[in-house]
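What follows is the residue order along each chain.
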Amino acid sequence: LPDAGACEFSPFRITSVATASFVTMWNNMNSSSFPGTKYMDFDMGGTAVFSIGTSLSNSASPSVQWVVDGFTQDGSAVPGPGSTPGSFTPGNYLVNINIATGTLINLNNPGIGSFLSGLWLDNGSGVGISCTDGVLGIYGNHVISSTASGLNGISLSGSLSSFIGGKYHYRRNVISNQ
């Protein structure tokens, strides 16, 4: 295989549990002129609850790959089969993002290979994840959304090649109106 070079994505690592650090990093990903993947990972040393005031949207160039991977946080656990037959290991979501109203994450035309995983998303009265056009994988998340307003936890519009979950345990989402 040919060498693709030393830098194939732009890493944005969250190391603080402060909400401002998460929002600042998201905004940095948006404004970054780096042409590669917008990749966010986590190394915070514990559970973080990011209570944001406004929706997170991508305003970067369309068709750019976006990756936000909560399972990179040490101590996170993918829900699935336990160590003994018939047992189940619950997920351990250490990256929690919430908003009182509005869409929590809104991605417009994300590029092929984009995905959101390992996140606990709680939005009081709006859509948890919205994707318009583009390709987005939504894997291993816990999405809480109020259905009182008639909205969905996950909304895809024109995203014909997007995936919500999959057949393997680590790709399944929990979508709730708790």
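Use the structure listed above.
Everything in this summary refers to the structure shown in the same document. (Residues numbered from 1 in each chain as written. Predicted model: local features only at pLDDT ≥ 70, side-chain atom pairs only at ≥ 80, totals over all residues. Heavy atoms only, no water.)

As for the pairing of strand S5 (residues 66-69)
Piece 1. Neither face of S5 is left uncovered, since the one carrying Trp66 and Val68 and the one carrying Val67 and Asp69 both have all their residues buried.
Piece 2. Taken together, the three bridges between strand S2 (residues 37-42) and S5 define a ladder with parallel strand orientation. By the bridge assignment for S5, Met40 is matched with Val68.
Piece 3. Bridging between S5 and strand S10 (residues 114-117) involves three bridges; their strand directions are parallel. By the bridge assignment for S10, Asp69 is matched with Ser117. (Buried < 20%, exposed > 50% of the residue type's maximum accessible area, 1.4 Å probe, protein only. Helix = DSSP H or I, 4+ residues; strand = E, 2+ residues; numbered from the N terminus. Pairing = 2+ DSSP bridges.)

Remarks on the nonpolar core
Piece 1. Counting 31 residues, the largest nonpolar core has Phe22, Trp26, Met40, Phe42, Phe50, Ile97 and Ile105 as the members making the most contacts within it.
Piece 2. Each residue touching Met40, except ones within four places of it in the same chain, is listed here: Phe12, Ile14, Phe22, Met25, Trp26, Met29, Val67, Val68 and Asp69. (Core = buried A, V, L, I, M, F, W, Y, C linked by side-chain atoms within 4.5 Å. Contact = heavy atoms within 4.5 Å.)

Points about the sheet that holds strand S4 (residues 56-57)
Piece 1. Read from one edge to the other, the open sheet built from four strands follows the order S4-S9-S12-S15, with strand pairing classed as parallel. Every interior strand has two partners, whereas the edge strands, S4 and strand S15 (154-157), have only one.
Piece 2. Relative to S15, strand S12 (residues 129-132) runs parallel, the two sharing four bridges. Each residue of the ladder has a partner; that of Ser130, found in S15, is Ser155.

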